[in-house]
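Per-entry structural report
Spelled out from the first residue to the last, the chains are:
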Amino acid sequence: MLVEERNKCYTARDAYYSCLDEAGPKRAVKSALKEYKRACPGSWVKHFDDKRETELRVKIVLETRAAEATAAKAAAAAATAKAAAA
């Protein structure tokens, strides 16, 4: 694959993912997906999509753990304050 073809693929991929992230109109997403699949080899599409899905899952796990840690700290601080007041 030539450099120009790779760049077209990357541009199409980025446009499609931006559409997904923005939750744009379904017509725009379908159009971007069509261009993405046209510009990139099928094996690349699968790789990019698998990678994106994994990254989104990791992001959700990290955000959940951060929220749990914040809640635990707040509970500990409240317990400390309650014990100090008693």
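Reference entry: report on the structure contained in this document.

Notes on the packing of helix 1 (residues 3–22) against helix 3 (residues 42–85)
Packed helices, taken two at a time, are described by their axes: the angle between them and the distance between them. For the pair helix 1 and helix 3, interaxial distance at closest approach is 12 Å and the crossing angle is 40°. Comparing the axis directions of helix 1 and helix 3 gives the class oblique. For the crossing formed where helix 1 meets helix 3, the hand is right-handed. Here Arg6, Cys9, Tyr10, Arg13, Tyr17, Leu20 and Asp21 of helix 1 lie close against helix 3, whose contacting residues are Trp44, Phe48, Asp49 and Arg52. Taken together, the residues that form the contact of helix 1 with helix 3 break down as 6 nonpolar, no polar and 5 charged.

Here is what the cut-offs are and how they apply
Residues numbered from 1 in each chain as written. Predicted model: local features only at pLDDT ≥ 70, side-chain atom pairs only at ≥ 80, totals over all residues. Heavy atoms only, no water. Axes fitted to C-alpha atoms, helices over the stretch in contact; angles between N-to-C directions. Helix = DSSP H or I, 4+ residues; strand = E, 2+ residues; numbered from the N terminus. Parallel < 35°, antiparallel > 145°, perpendicular 65-115°, else oblique. Left-handed = near helix turned anticlockwise from the far one by under 90°. Contact = heavy atoms within 4.5 Å. Nonpolar A, V, L, I, M, F, W, Y, C, P; charged D, E, K, R; others polar.

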